[in-house]
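# Structural overview for review
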Amino acid sequence: MHDGSGRIAVQNLSKQFGAVNAVQNLSFTVEPGSVTGFLGPNGAGKTTTLRMLLGLVTPTNGTATINGRPHDQLGNPARVVGSVLENEGFHPGRTARNHLRVYSAAIGMPDQRVDEVLGLVGLSSAADRKAGGFSLGMRQRLALATALLGNPQVLVLDEPTNGLDPEGILWLRNFLRAYAREGRTVLVSSHLLNEVEQTIDQVVIISQGMTRYNGSLDQLRKSNQSRVLVQSADANGLVAALQEAGITQVSPMPDGRVAVSGATVQQIGDISAKANIAVYGMQEETADLERMFFQLTQGQYAAPQPGFQQGPPPGYQGPPPGYQGPPPGYQAPPGYAPQTPPPGFAPPNTPAPGFAPQQQYQQQGQPPQQQQQYQQAPPQQQAPQQQGQNEGWGGQG
Ligand SMILES: Nc1ncnc2c1ncn2[C@@H]1O[C@H](COP(=O)(O)OP(=O)(O)OP(=O)(O)O)[C@@H](O)[C@H]1O
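What counts as what
- Residues numbered from 1 in each chain as written.
- Predicted model: local features only at pLDDT ≥ 70, side-chain atom pairs only at ≥ 80, totals over all residues.
- Heavy atoms only, no water.
- UniProt positions renumbered as here; feature names shortened; annotations may be inferred.
- Helix = DSSP H or I, 4+ residues; strand = E, 2+ residues; numbered from the N terminus.
- Buried < 20%, exposed > 50% of the residue type's maximum accessible area, 1.4 Å probe, protein only.
- Areas by Shrake-Rupley, 256 points an atom, 1.4 Å probe, with all protein chains shown as cover.
- Axes fitted to C-alpha atoms, helices over the stretch in contact; angles between N-to-C directions.
- Parallel < 35°, antiparallel > 145°, perpendicular 65-115°, else oblique.
- Left-handed = near helix turned anticlockwise from the far one by under 90°.
- Contact = heavy atoms within 4.5 Å.
- Nonpolar A, V, L, I, M, F, W, Y, C, P; charged D, E, K, R; others polar.
- pLDDT = per-residue confidence, 0-100.
- Phe/Tyr/Trp six-rings, centres within 6.5 Å; stacked < 30°, edge-to-face > 60°.
- Lys NZ or Arg CZ within 6 Å of the ring centre and 35° of its normal.
- Core = buried A, V, L, I, M, F, W, Y, C linked by side-chain atoms within 4.5 Å.
- Pairing = 2+ DSSP bridges.
- Arc of directions from axis to C-beta.

As recorded in an unreviewed UniProt entry, the protein goes by ABC transporter and comes from Amycolatopsis azurea DSM 43854. In the Sequence similarities (unreviewed entry) part of its UniProt record, the protein is described as follows: "Belongs to the ABC transporter superfamily."

When its secondary structure is counted, the protein shows 10 helices and 14 strands. Counting the 397 residues in the protein, one finds 49% classified as buried. Of the roughly 18,300 Å² that the protein leaves accessible, carbon and sulfur atoms contribute 47%.

Further remarks concern the packing of helix α2 (residues 96-106) against helix α4 (residues 136-148). Contact pair α2 / α4: the axes reach a minimum separation of 10 Å and the direction vectors enclose 25°. Regarding the angle of α2 to α4, the classification is roughly parallel. Handedness of the crossing formed by α2 with α4: right-handed. Contacts between α2 and α4 involve Ala-96, His-99, Leu-100 and Tyr-103 from the first element and Leu-142, Ala-145 and Thr-146 from the second. Among the residues making up the contact of α2 with α4, the classes are represented as 5 nonpolar, 2 polar and no charged.

Quick look at the confidence of the model for the protein now. Residues of the protein with pLDDT of at least 70 account for 73%, and the chain-wide mean is 78. Confidence drops under pLDDT 50 across residues 301-325; counting only partners more than four residues distant or on other chains, this segment forms 38 contacts. Residue range residues 332-397 is modelled with pLDDT below 50. Its contacts to residues more than four positions away, or to other chains, number 174 contacts. Reported for the predicted complex are a pTM of 0.68 and an ipTM of 0.97.

Let us look at the packing of aromatic side chains. Counting across every chain of the model gives 3 aromatic pairs. Aromatic side chains Trp-171 and Phe-175 sit 5.5 Å apart centroid to centroid with 25° between the ring planes, which places their arrangement in the stacked category. Residue Trp-171 and its partner Phe-175 are both found in helix α5 (residues 166-181); the two are separated by 4 residues, about one turn of the helix. Looking at Trp-171, the relative accessible area reads 23%, which means it is partly exposed. Judged by centre distance (5.8 Å) and plane angle (20°), the ring pair of Phe-175 and Tyr-179 falls under stacked. Of this pair, Phe-175 and Tyr-179 both sit in helix α5, 4 residues apart, which is roughly one turn of the helix. We classify Phe-175 as buried; its relative accessible area is 12%. Note that Arg-141 overlies the ring of Trp-171, its terminal NZ or CZ placed 4.3 Å from the centroid. The ring centre of Tyr-179 lies 4.5 Å from the NZ or CZ of Arg-184, which sits over that ring.

Ranked by internal contacts, the top residues of the largest apolar core, which has 49 residues, are Leu-155, Leu-176 and Leu-220. Beyond its immediate chain neighbours, meaning those up to four positions away, Leu-176 contacts Val-35, Leu-155, Leu-157, Val-186, Val-188 and Thr-199. With 26 residues, the next largest nonpolar core counts Val-10, Leu-74, Val-80 and Val-156 among its residues.

In this section: the sheet that holds strand β3 (residues 35-39). Strand order in the open sheet formed by 6 strands is β5-β6-β7-β3-β8-β9, with mixed pairing between adjacent strands. Of all strands in the sheet, those with a lone pairing partner are β5 (81-84) and β9 (210-216), marking the two edges. Strand after strand, the sheet turns through a mean of 15° between neighbouring axes, direction not considered. Together, β5 and β6 (154-158) form the strand contacts of α4, whose direction differs from that of β5 by roughly 165°.

Here we take up the sheet that holds strand β4 (residues 61-66). Ordered by their spatial adjacency, 3 strands build an open sheet running β2-β1-β4, and the pairing between neighbours is antiparallel. Strands at the two margins of the open sheet, each flanked by one partner only, are β2 (20-30) and β4. Mean inter-strand twist for the sheet, computed between neighbouring axes without regard to direction, equals 20°. With 7 bridges joining them, strand β1 (residues 8-17) and β2 adopt antiparallel strand pairing. What sits directly across from Gln-16, in β2, is Asn-21. Across the sheet, helix α1 (residues 46-53) is in contact with β1, β2 and β4; its angle to β1 comes to roughly 115°.

With that out of the way, let us pick up α2. Because each turn of an α-helix spans 3.6 residues, side chains separated by three or four positions in sequence point in the same direction. What α2 keeps buried is the set Ala-96, Arg-97, His-99, Leu-100 and Ser-104. For α2, the angular spread of the buried residues around the axis is 160°, confining them to a single face. Projecting away from the buried face of α2 at angles above 90 degrees are the exposed residues Ala-105 and Ala-106. Residues of α2 that are buried make contact with α3 (112-120) and α4.

All right, on to the environment of Ile-206 then. Within the secondary structure, Ile-206 is located in strand β8 (residues 202-207). Taking the relative accessible area as the measure of exposure, Ile-206 reaches 0% and is therefore buried. For Ile-206 and Leu-296, which are 90 residues apart along the polypeptide, the C-alpha to C-alpha distance reads 8.3 Å. Not counting chain neighbours up to four residues away, the residues in contact with Ile-206 comprise Leu-26, Phe-38, Leu-39, Gly-40, Pro-41, Ala-44, Gly-45, Lys-46, Thr-211, Arg-212 and Thr-297.

Structure follows, in C-alpha coordinates:
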(Lines give C-alpha, C1' and ligand atoms only; values in the text may rest on other atoms or scores of the structure.)
Protein backbone atom coordinates (compact mmCIF):
# COMPACT_ATOMS: atom_id res chain seq x y z
CA MET A 1 0.00 0.00 0.00
CA HIS A 2 1.00 3.62 -0.39
CA ASP A 3 2.39 5.65 2.52
CA GLY A 4 -0.32 8.36 2.60
CA SER A 5 2.32 11.12 2.65
CA GLY A 6 0.94 13.12 -0.28
CA ARG A 7 4.49 13.38 -1.62
CA ILE A 8 5.28 13.23 -5.32
CA ALA A 9 8.81 11.99 -6.03
CA VAL A 10 10.39 11.98 -9.45
CA GLN A 11 13.80 10.33 -9.57
CA ASN A 12 16.17 10.13 -12.52
CA LEU A 13 13.19 10.04 -14.81
CA SER A 14 13.81 9.81 -18.57
CA LYS A 15 11.64 9.27 -21.60
CA GLN A 16 12.88 8.78 -25.12
CA PHE A 17 10.46 8.88 -28.06
CA GLY A 18 12.60 7.55 -30.93
CA ALA A 19 15.32 10.15 -31.39
CA VAL A 20 13.60 12.66 -29.08
CA ASN A 21 14.78 12.92 -25.47
CA ALA A 22 11.50 14.25 -24.10
CA VAL A 23 12.64 13.95 -20.47
CA GLN A 24 16.23 13.47 -19.32
CA ASN A 25 17.19 12.30 -15.87
CA LEU A 26 14.65 14.54 -14.15
CA SER A 27 14.53 14.56 -10.33
CA PHE A 28 12.36 16.63 -7.98
CA THR A 29 9.92 16.23 -5.11
CA VAL A 30 6.61 17.92 -4.42
CA GLU A 31 5.38 18.15 -0.85
CA PRO A 32 1.81 18.46 0.46
CA GLY A 33 0.45 21.73 1.86
CA SER A 34 1.51 23.96 -0.99
CA VAL A 35 0.82 24.62 -4.63
CA THR A 36 3.84 23.72 -6.75
CA GLY A 37 4.31 25.14 -10.23
CA PHE A 38 5.82 22.81 -12.81
CA LEU A 39 7.24 25.26 -15.30
CA GLY A 40 9.08 25.14 -18.56
CA PRO A 41 8.78 26.39 -22.13
CA ASN A 42 6.75 24.55 -24.78
CA GLY A 43 8.23 21.13 -25.45
CA ALA A 44 10.25 21.10 -22.22
CA GLY A 45 8.80 17.74 -21.22
CA LYS A 46 6.13 18.77 -18.68
CA THR A 47 3.23 16.80 -20.14
CA THR A 48 5.38 13.72 -20.71
CA THR A 49 6.54 13.87 -17.07
CA LEU A 50 2.98 14.23 -15.78
CA ARG A 51 1.82 11.37 -18.01
CA MET A 52 4.58 9.17 -16.59
CA LEU A 53 3.54 10.20 -13.07
CA LEU A 54 -0.05 9.24 -13.89
CA GLY A 55 0.88 5.89 -15.39
CA LEU A 56 -0.10 6.86 -18.94
CA VAL A 57 3.41 6.66 -20.39
CA THR A 58 6.09 4.14 -19.41
CA PRO A 59 9.41 5.75 -18.43
CA THR A 60 12.52 4.74 -20.33
CA ASN A 61 14.40 5.09 -17.04
CA GLY A 62 13.80 6.22 -13.48
CA THR A 63 10.71 6.39 -11.32
CA ALA A 64 7.79 8.70 -10.65
CA THR A 65 5.82 7.94 -7.50
CA ILE A 66 2.88 9.31 -5.53
CA ASN A 67 2.76 8.38 -1.85
CA GLY A 68 5.85 6.24 -2.43
CA ARG A 69 4.26 4.12 -5.15
CA PRO A 70 4.04 4.17 -8.92
CA HIS A 71 0.54 5.01 -10.15
CA ASP A 72 -0.32 1.41 -11.05
CA GLN A 73 0.33 0.30 -7.46
CA LEU A 74 -1.95 2.85 -5.81
CA GLY A 75 -4.93 0.54 -5.45
CA ASN A 76 -7.84 2.78 -6.41
CA PRO A 77 -5.75 5.65 -7.81
CA ALA A 78 -8.65 8.09 -8.24
CA ARG A 79 -8.97 8.17 -4.45
CA VAL A 80 -5.32 9.27 -4.18
CA VAL A 81 -4.70 11.46 -7.23
CA GLY A 82 -7.00 13.50 -9.45
CA SER A 83 -5.71 14.94 -12.69
CA VAL A 84 -6.65 17.18 -15.55
CA LEU A 85 -4.50 16.76 -18.64
CA GLU A 86 -4.60 18.72 -21.88
CA ASN A 87 -7.58 18.42 -24.22
CA GLU A 88 -11.07 17.57 -23.23
CA GLY A 89 -12.68 14.19 -23.56
CA PHE A 90 -16.35 14.78 -22.84
CA HIS A 91 -19.24 13.20 -24.64
CA PRO A 92 -20.89 16.31 -26.13
CA GLY A 93 -24.41 14.92 -25.79
CA ARG A 94 -24.04 14.02 -22.12
CA THR A 95 -24.99 16.42 -19.36
CA ALA A 96 -22.38 17.47 -16.81
CA ARG A 97 -24.18 15.49 -14.12
CA ASN A 98 -24.36 12.33 -16.23
CA HIS A 99 -20.73 12.63 -17.25
CA LEU A 100 -19.75 12.79 -13.60
CA ARG A 101 -22.05 9.89 -12.67
CA VAL A 102 -20.27 7.62 -15.15
CA TYR A 103 -16.91 8.44 -13.58
CA SER A 104 -18.11 8.29 -9.97
CA ALA A 105 -19.58 4.83 -10.57
CA ALA A 106 -16.30 3.70 -12.12
CA ILE A 107 -14.33 4.62 -9.00
CA GLY A 108 -16.94 3.47 -6.50
CA MET A 109 -18.09 6.89 -5.26
CA PRO A 110 -21.75 7.54 -4.38
CA ASP A 111 -23.94 9.70 -6.68
CA GLN A 112 -24.10 12.31 -3.92
CA ARG A 113 -20.43 13.10 -4.59
CA VAL A 114 -21.43 14.27 -8.09
CA ASP A 115 -23.49 17.12 -6.66
CA GLU A 116 -20.73 17.97 -4.20
CA VAL A 117 -18.10 18.39 -6.90
CA LEU A 118 -20.50 20.33 -9.13
CA GLY A 119 -20.88 22.74 -6.22
CA LEU A 120 -17.14 22.87 -5.57
CA VAL A 121 -16.39 24.02 -9.12
CA GLY A 122 -19.41 26.33 -9.39
CA LEU A 123 -21.29 24.29 -11.97
CA SER A 124 -24.41 23.38 -9.97
CA SER A 125 -26.68 25.55 -12.10
CA ALA A 126 -25.32 23.99 -15.31
CA ALA A 127 -25.51 20.39 -14.06
CA ASP A 128 -28.22 19.35 -16.52
CA ARG A 129 -26.81 21.12 -19.55
CA LYS A 130 -24.99 19.14 -22.23
CA ALA A 131 -21.19 19.40 -22.06
CA GLY A 132 -21.08 19.98 -25.85
CA GLY A 133 -22.54 23.44 -25.30
CA PHE A 134 -20.11 24.43 -22.55
CA SER A 135 -17.64 27.28 -22.90
CA LEU A 136 -13.93 26.47 -22.56
CA GLY A 137 -13.96 27.76 -18.98
CA MET A 138 -16.96 25.58 -18.12
CA ARG A 139 -15.33 22.53 -19.69
CA GLN A 140 -12.25 23.15 -17.58
CA ARG A 141 -14.39 23.33 -14.45
CA LEU A 142 -16.06 20.08 -15.45
CA ALA A 143 -12.67 18.43 -15.97
CA LEU A 144 -11.63 19.64 -12.52
CA ALA A 145 -14.88 18.32 -11.04
CA THR A 146 -14.09 14.93 -12.59
CA ALA A 147 -10.62 14.98 -11.03
CA LEU A 148 -12.14 15.82 -7.63
CA LEU A 149 -14.66 12.98 -7.61
CA GLY A 150 -12.44 10.64 -5.57
CA ASN A 151 -11.69 13.40 -3.02
CA PRO A 152 -8.02 12.93 -3.85
CA GLN A 153 -5.10 13.87 -1.65
CA VAL A 154 -3.04 14.88 -4.70
CA LEU A 155 -4.15 17.07 -7.59
CA VAL A 156 -2.18 17.25 -10.86
CA LEU A 157 -3.23 19.80 -13.44
CA ASP A 158 -1.61 20.31 -16.85
CA GLU A 159 -1.83 23.93 -18.04
CA PRO A 160 -5.13 24.54 -16.20
CA THR A 161 -5.24 28.27 -16.95
CA ASN A 162 -5.18 27.75 -20.73
CA GLY A 163 -8.11 29.63 -22.20
CA LEU A 164 -9.47 30.84 -18.87
CA ASP A 165 -10.58 34.45 -18.57
CA PRO A 166 -9.19 36.57 -15.69
CA GLU A 167 -12.18 35.76 -13.49
CA GLY A 168 -11.69 32.04 -14.14
CA ILE A 169 -7.98 32.30 -13.34
CA LEU A 170 -8.73 34.09 -10.07
CA TRP A 171 -11.34 31.50 -9.15
CA LEU A 172 -8.93 28.63 -9.90
CA ARG A 173 -6.16 30.34 -7.92
CA ASN A 174 -8.34 30.64 -4.83
CA PHE A 175 -9.61 27.10 -5.22
CA LEU A 176 -6.14 25.56 -5.52
CA ARG A 177 -4.69 27.56 -2.65
CA ALA A 178 -7.57 26.52 -0.39
CA TYR A 179 -7.12 22.91 -1.48
CA ALA A 180 -3.42 23.00 -0.58
CA ARG A 181 -4.16 24.69 2.76
CA GLU A 182 -6.10 21.57 3.70
CA GLY A 183 -2.74 19.76 3.64
CA ARG A 184 -3.15 18.36 0.13
CA THR A 185 -0.65 18.34 -2.71
CA VAL A 186 -1.23 20.45 -5.80
CA LEU A 187 1.04 20.31 -8.86
CA VAL A 188 0.22 22.70 -11.69
CA SER A 189 2.11 22.86 -14.97
CA SER A 190 2.44 25.98 -17.06
CA HIS A 191 4.75 27.43 -19.68
CA LEU A 192 4.14 30.94 -18.34
CA LEU A 193 5.47 31.86 -14.93
CA ASN A 194 3.39 35.03 -14.69
CA GLU A 195 0.16 33.06 -15.17
CA VAL A 196 0.74 30.98 -12.06
CA GLU A 197 3.08 33.23 -10.07
CA GLN A 198 0.36 34.31 -7.65
CA THR A 199 -0.97 30.79 -7.24
CA ILE A 200 2.18 28.82 -6.45
CA ASP A 201 4.54 28.72 -3.44
CA GLN A 202 7.01 26.17 -4.72
CA VAL A 203 8.41 25.79 -8.19
CA VAL A 204 10.09 23.17 -10.33
CA ILE A 205 11.56 24.70 -13.48
CA ILE A 206 12.58 22.43 -16.33
CA SER A 207 14.01 23.03 -19.76
CA GLN A 208 15.02 20.56 -22.44
CA GLY A 209 13.72 17.75 -20.25
CA MET A 210 16.06 18.61 -17.35
CA THR A 211 15.49 20.22 -13.93
CA ARG A 212 16.87 23.79 -13.69
CA TYR A 213 15.43 24.84 -10.34
CA ASN A 214 13.49 23.13 -7.56
CA GLY A 215 12.66 25.24 -4.52
CA SER A 216 10.48 27.98 -3.15
CA LEU A 217 9.36 30.86 -5.31
CA ASP A 218 10.27 33.29 -2.52
CA GLN A 219 13.82 32.01 -2.47
CA LEU A 220 14.08 32.42 -6.21
CA ARG A 221 12.76 35.97 -5.88
CA LYS A 222 15.15 36.84 -3.03
CA SER A 223 18.15 35.47 -4.86
CA ASN A 224 17.43 38.02 -7.49
CA GLN A 225 17.79 41.25 -5.55
CA SER A 226 18.43 44.56 -7.22
CA ARG A 227 21.78 46.35 -7.46
CA VAL A 228 23.25 49.60 -8.67
CA LEU A 229 26.16 49.79 -11.14
CA VAL A 230 28.29 52.86 -10.49
CA GLN A 231 30.77 54.45 -12.91
CA SER A 232 33.17 56.64 -10.95
CA ALA A 233 36.55 58.36 -11.18
CA ASP A 234 38.03 56.03 -8.55
CA ALA A 235 36.54 52.53 -8.25
CA ASN A 236 38.85 51.40 -5.45
CA GLY A 237 38.28 54.59 -3.49
CA LEU A 238 34.52 54.20 -3.93
CA VAL A 239 34.61 50.57 -2.75
CA ALA A 240 36.53 51.63 0.36
CA ALA A 241 34.19 54.55 1.06
CA LEU A 242 31.09 52.39 0.68
CA GLN A 243 32.51 49.69 2.93
CA GLU A 244 33.46 52.27 5.51
CA ALA A 245 29.86 53.47 5.44
CA GLY A 246 28.70 49.94 6.26
CA ILE A 247 27.67 48.84 2.77
CA THR A 248 29.23 45.40 2.39
CA GLN A 249 27.80 44.06 -0.84
CA VAL A 250 30.18 45.91 -3.09
CA SER A 251 31.95 44.34 -6.07
CA PRO A 252 34.36 46.02 -8.47
CA MET A 253 33.68 44.95 -12.05
CA PRO A 254 36.26 44.35 -14.81
CA ASP A 255 34.86 47.28 -16.83
CA GLY A 256 35.74 49.70 -14.00
CA ARG A 257 32.27 50.02 -12.57
CA VAL A 258 31.29 49.03 -9.05
CA ALA A 259 28.24 46.83 -8.39
CA VAL A 260 26.47 47.76 -5.16
CA SER A 261 23.63 45.87 -3.48
CA GLY A 262 21.75 46.96 -0.37
CA ALA A 263 22.04 50.70 -0.97
CA THR A 264 19.96 53.25 -2.83
CA VAL A 265 21.22 55.53 -5.60
CA GLN A 266 20.88 58.48 -3.21
CA GLN A 267 22.94 56.79 -0.47
CA ILE A 268 25.69 55.91 -2.94
CA GLY A 269 25.67 59.48 -4.31
CA ASP A 270 25.97 60.96 -0.81
CA ILE A 271 28.79 58.62 0.21
CA SER A 272 30.80 59.27 -2.96
CA ALA A 273 30.29 63.05 -2.63
CA LYS A 274 31.52 62.92 0.97
CA ALA A 275 34.58 60.95 -0.18
CA ASN A 276 35.20 63.48 -2.98
CA ILE A 277 34.87 60.82 -5.67
CA ALA A 278 33.24 61.93 -8.91
CA VAL A 279 30.40 59.72 -10.12
CA TYR A 280 29.78 59.69 -13.86
CA GLY A 281 26.75 57.45 -13.96
CA MET A 282 24.59 55.02 -12.03
CA GLN A 283 22.44 52.30 -13.48
CA GLU A 284 19.81 50.66 -11.31
CA GLU A 285 18.90 47.06 -12.04
CA THR A 286 15.86 45.47 -10.45
CA ALA A 287 14.77 41.92 -9.83
CA ASP A 288 12.46 40.49 -12.45
CA LEU A 289 11.22 36.97 -11.91
CA GLU A 290 10.05 36.51 -15.47
CA ARG A 291 13.54 37.30 -16.76
CA MET A 292 15.04 34.88 -14.26
CA PHE A 293 12.69 32.20 -15.56
CA PHE A 294 13.70 33.04 -19.11
CA GLN A 295 17.39 32.85 -18.21
CA LEU A 296 16.95 29.48 -16.54
CA THR A 297 15.07 28.03 -19.48
CA GLN A 298 16.62 29.75 -22.48
CA GLY A 299 18.29 27.65 -25.13
CA GLN A 300 15.32 25.34 -25.58
CA TYR A 301 15.28 26.00 -29.30
CA ALA A 302 18.32 28.18 -29.81
CA ALA A 303 21.29 27.10 -31.83
CA PRO A 304 24.73 28.45 -30.87
CA GLN A 305 25.45 31.85 -32.40
CA PRO A 306 28.19 32.08 -35.02
CA GLY A 307 31.47 32.66 -33.22
CA PHE A 308 30.14 31.16 -30.03
CA GLN A 309 32.90 29.90 -27.75
CA GLN A 310 32.20 27.73 -24.82
CA GLY A 311 33.73 29.04 -21.63
CA PRO A 312 34.19 32.43 -20.03
CA PRO A 313 34.96 35.53 -22.08
CA PRO A 314 38.57 36.69 -22.51
CA GLY A 315 39.87 38.32 -19.38
CA TYR A 316 37.39 36.60 -17.11
CA GLN A 317 39.04 36.08 -13.72
CA GLY A 318 36.44 34.25 -11.73
CA PRO A 319 33.45 35.42 -9.71
CA PRO A 320 33.52 38.91 -8.19
CA PRO A 321 33.95 39.37 -4.44
CA GLY A 322 30.66 38.89 -2.71
CA TYR A 323 29.34 36.40 -5.22
CA GLN A 324 27.33 33.94 -3.22
CA GLY A 325 26.63 31.22 -5.72
CA PRO A 326 23.44 30.22 -7.45
CA PRO A 327 20.12 30.44 -5.65
CA PRO A 328 19.29 27.56 -3.30
CA GLY A 329 17.45 24.93 -5.27
CA TYR A 330 19.25 25.65 -8.50
CA GLN A 331 20.22 22.43 -10.25
CA ALA A 332 22.96 22.48 -12.80
CA PRO A 333 22.19 20.73 -16.04
CA PRO A 334 24.48 17.75 -16.53
CA GLY A 335 27.28 17.96 -19.04
CA TYR A 336 28.89 21.27 -18.09
CA ALA A 337 32.44 21.39 -19.32
CA PRO A 338 35.01 22.26 -16.62
CA GLN A 339 35.93 25.52 -18.28
CA THR A 340 32.39 26.86 -18.03
CA PRO A 341 31.49 29.10 -15.09
CA PRO A 342 29.59 27.59 -12.18
CA PRO A 343 25.88 27.06 -12.75
CA GLY A 344 23.81 30.15 -12.27
CA PHE A 345 26.87 32.39 -12.38
CA ALA A 346 26.65 35.48 -14.52
CA PRO A 347 30.06 36.89 -15.37
CA PRO A 348 30.79 40.16 -13.62
CA ASN A 349 30.44 42.28 -16.73
CA THR A 350 26.87 41.16 -17.41
CA PRO A 351 23.68 41.87 -15.54
CA ALA A 352 22.69 39.10 -13.17
CA PRO A 353 19.89 36.86 -14.43
CA GLY A 354 16.64 38.64 -14.00
CA PHE A 355 18.09 42.11 -13.66
CA ALA A 356 16.38 44.64 -15.84
CA PRO A 357 18.05 48.00 -16.35
CA GLN A 358 15.50 50.45 -15.05
CA GLN A 359 16.90 53.92 -14.93
CA GLN A 360 20.04 55.41 -16.32
CA TYR A 361 21.62 58.17 -14.26
CA GLN A 362 24.05 59.98 -16.49
CA GLN A 363 25.80 62.97 -14.93
CA GLN A 364 28.93 63.73 -16.85
CA GLY A 365 31.83 62.05 -18.62
CA GLN A 366 31.68 59.05 -20.89
CA PRO A 367 28.94 56.42 -20.62
CA PRO A 368 29.75 53.09 -19.02
CA GLN A 369 31.38 50.65 -21.36
CA GLN A 370 29.11 48.58 -23.47
CA GLN A 371 28.13 45.46 -21.61
CA GLN A 372 29.14 42.27 -23.33
CA GLN A 373 26.57 39.56 -23.11
CA TYR A 374 28.29 36.33 -22.28
CA GLN A 375 26.42 33.41 -23.68
CA GLN A 376 26.56 29.90 -22.51
CA ALA A 377 25.66 27.13 -24.92
CA PRO A 378 22.76 24.99 -23.87
CA PRO A 379 24.07 21.53 -23.07
CA GLN A 380 22.10 20.09 -25.92
CA GLN A 381 20.36 21.69 -28.84
CA GLN A 382 16.94 20.40 -29.55
CA ALA A 383 14.54 21.40 -32.27
CA PRO A 384 10.90 21.81 -31.37
CA GLN A 385 8.96 18.67 -32.04
CA GLN A 386 5.42 18.17 -33.03
CA GLN A 387 3.44 16.72 -30.20
CA GLY A 388 2.22 13.29 -31.18
CA GLN A 389 0.24 11.97 -28.34
CA ASN A 390 -3.34 11.47 -27.42
CA GLU A 391 -4.20 13.46 -24.37
CA GLY A 392 -7.34 13.10 -22.35
CA TRP A 393 -9.14 15.15 -19.74
CA GLY A 394 -10.67 13.66 -16.69
CA GLY A 395 -9.93 12.01 -13.41
CA GLN A 396 -7.97 8.85 -13.13
CA GLY A 397 -10.07 5.87 -12.66
N1 LIG B 1 4.11 10.56 -28.11
C2 LIG B 1 5.19 11.26 -28.50
N3 LIG B 1 5.91 10.86 -29.55
C4 LIG B 1 7.00 11.55 -29.96
N5 LIG B 1 7.45 12.67 -29.36
C6 LIG B 1 6.76 13.13 -28.31
C7 LIG B 1 5.60 12.46 -27.82
N8 LIG B 1 5.13 13.14 -26.75
C9 LIG B 1 5.96 14.19 -26.59
N10 LIG B 1 6.94 14.19 -27.52
C11 LIG B 1 8.03 15.16 -27.64
O12 LIG B 1 8.66 15.27 -26.38
C13 LIG B 1 9.04 16.62 -26.12
C14 LIG B 1 8.38 17.09 -24.83
O15 LIG B 1 6.97 17.22 -25.05
P16 LIG B 1 5.96 17.56 -23.90
O17 LIG B 1 4.59 17.58 -24.51
O18 LIG B 1 6.20 16.68 -22.75
O19 LIG B 1 6.40 19.04 -23.52
P20 LIG B 1 5.62 20.16 -22.70
O21 LIG B 1 6.62 20.79 -21.81
O22 LIG B 1 4.41 19.58 -22.07
O23 LIG B 1 5.21 21.17 -23.84
P24 LIG B 1 3.90 22.11 -23.96
O25 LIG B 1 4.05 23.24 -22.98
O26 LIG B 1 4.00 22.60 -25.38
O27 LIG B 1 2.69 21.25 -23.72
C28 LIG B 1 8.61 17.41 -27.32
O29 LIG B 1 9.74 17.49 -28.18
C30 LIG B 1 7.52 16.56 -27.93
O31 LIG B 1 7.40 16.77 -29.32
